[in-house]
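Understanding the architecture of this molecule
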Amino acid sequence: MLTTSQLYRHQIYTMTTQHSIILVLCIFNVPFYQGREETENHLERRQISIIDVKCRKVPGFQVYKEGSTRMCLHHGQNFITYTEAKSYCASIGSRLAVFNTRDKFKIVLPMNNVWIGLDDMETEGTYKWADGSTLEQSLISFIFYPNEPNAAYDDEDCVCNNCYENFLKLVDMPCYRNFTYLCEKVF
Ligand SMILES: [Ca+2]
Ligand SMILES: [Ca+2]
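What comes next concerns the included structure. Per chain, residues are indexed from 1 in the order of the written sequence. Labels are handed out in written order, letters beginning with A for the chains and numbers beginning with 1 for the ligands. Whole-chain, interface and lining totals are the exception, using all residues; otherwise, since this is a predicted model, local features are given only for residues with pLDDT of at least 70 and side-chain atom pairs are given and counted only at 80 or more.

1. Notes on the overall build of the protein chain
Counting from the N terminus, the helices are DSSP H or I runs at least four residues long and the strands are E runs at least two residues long. When you go through the protein chain residue by residue, the secondary structure sums to 4 helices and 8 strands. The exposure label follows from counting other C-beta atoms within 10 Å of a residue's C-beta, where the C-beta atoms are placed from the backbone and the thresholds are 20 or more for buried and 12 or fewer for exposed, leaving partly exposed in between. In the protein chain, buried positions account for 27% of the 187 residues. Pairs at least 24 residues apart make up 56% of the contacts formed inside the protein chain by residues separated by at least 6 positions. We call two residues in contact whenever the C-beta atoms placed from their backbones are within 7 Å.

Shown next, in the form of structure tokens:
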């Protein structure tokens, strides 16, 4: 039988032990979570630096920035059809540029008469980016001029920026029209 005094000391010992375990867990947990955040930040910085470093080594391409977004782009200045632009980008180890986030779209926004990698050539009304992904519905009103894409002449399957009158955003246009183009190098 434990005396009251012994029981009291036992309880104190148990509590102290439990607190010690919790304390130890806390000590080890703090650097664990900090470490994970640092790793994510490190990876994000590394991703940025990969584009910054590698893009400079690709002739004709340069880094375009918006916020923390980086894109390695070549703006071809000659006026060619969408299909020609697509082929040319492939021939230099790239593809037509994909602007599938708001920050990315802000990069192309000030450019005029330029094809980007977005079309509904495969299935009318279903727009796909040049990386094979489908255009997100939530992005349409942000990147397209109001009431575009409108398939105005039935043969409008390719997308260009600021390439029709004073429509200062994306519109769908016939793919045989001639515009400059943006190729994107992906690392
Ligand atoms: Ca179309
Ligand atoms: Ca149109």
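2. Remarks on the environment of A152
One can find A152 in the loop between helix 4 (137-143) and strand 6 (156-161). Once the C-alpha coordinates of A152 and D172 are considered, the two residues, 20 residues apart in sequence, prove to be 8.4 Å apart.

3. Regarding the nonpolar core
By definition, a nonpolar core groups buried Ala, Val, Leu, Ile, Met, Phe, Trp, Tyr and Cys residues that are joined through C-beta atoms within 7 Å. L96, A97, W115, I116, C160 and L182 are the most contacted members of the largest nonpolar core, which has 35 residues in total. Only strand 2 (69-80), helix 2 (82-91), helix 3 (102-108), strand 4 (114-123), strand 5 (126-129), strand 6, strand 7 (170-174) and strand 8 (179-184) provide two or more residues apiece to this core. Not counting residues up to four positions away in its chain, the partners in contact with L182 are L73, H75, L96, A97, V108, V114 and I116.

4. Section: helix 2
For helix 2, the set of buried residues is Y82, A85, K86 and C89. In a view along the axis of helix 2, the buried residues occupy a sector of 100°, so they form one face of it. Away from the buried face of helix 2 by more than 90 degrees, exposed residues S87 and S91 are located. Residues of helix 2 that are buried make contact with strand 2, strand 3 (95-96), strand 4, strand 6 and strand 8. Regarding the arc, it is the one traced by the directions from the helix axis to the C-beta atoms.

5. Remarks on the pairing of strand 5
Here strand 5 shows a buried face lined by Y127 and W129 and an unburied face lined by T126 and K128. Strand pairing is assigned whenever DSSP identifies at least 2 bridges connecting the two strands. Sheet topology places strand 4 next to strand 5; 3 bridges connect them, and they run antiparallel. Bridging from a neighbouring strand, L118 pairs with W129 of strand 5. Connecting the antiparallel pair strand 4 and strand 5 is a turn made up of 2 residues, with G125 showing a positive phi of about 90°.

6. Some details on the pairing of strand 4
As paired elements, strand 4 and strand 6 share 3 bridges and run antiparallel to each other. Its bridge partner being in strand 6, V114 is matched across the sheet by N161. Bridging between strand 4 and strand 8 involves 2 bridges; their strand directions are parallel. Each residue of the ladder has a partner; that of V114, found in strand 8, is T180.

7. Considering unusual backbone geometry
A cis geometry characterises the amide bond from E148 onward to P149, with omega recorded as -5°. One can find P149 in the loop between helix 4 and strand 6. Even without glycine at this site, N147 takes up a positive phi of about 70°. With respect to the helices and strands, N147 occurs in the loop between helix 4 and strand 6.

8. Brief notes about the environment of Q77
As for its position among the elements, Q77 is in strand 2. It is 9.7 Å that separates the C-alpha atoms of Q77 and N113, two residues lying 36 residues apart in sequence.

9. Comments concerning the environment of G76
As for its placement among the helices and strands, G76 is situated in strand 2. A residue is classified by how many C-beta atoms lie within 10 Å of it, and G76, with 20 of them, is buried. Considering only alpha carbons, one finds G76 and F179, 103 residues apart in sequence, at a separation of 9.2 Å. Residues contacting G76, with those up to four places away along its chain left out, are A85, Y88, T180, Y181 and C183.

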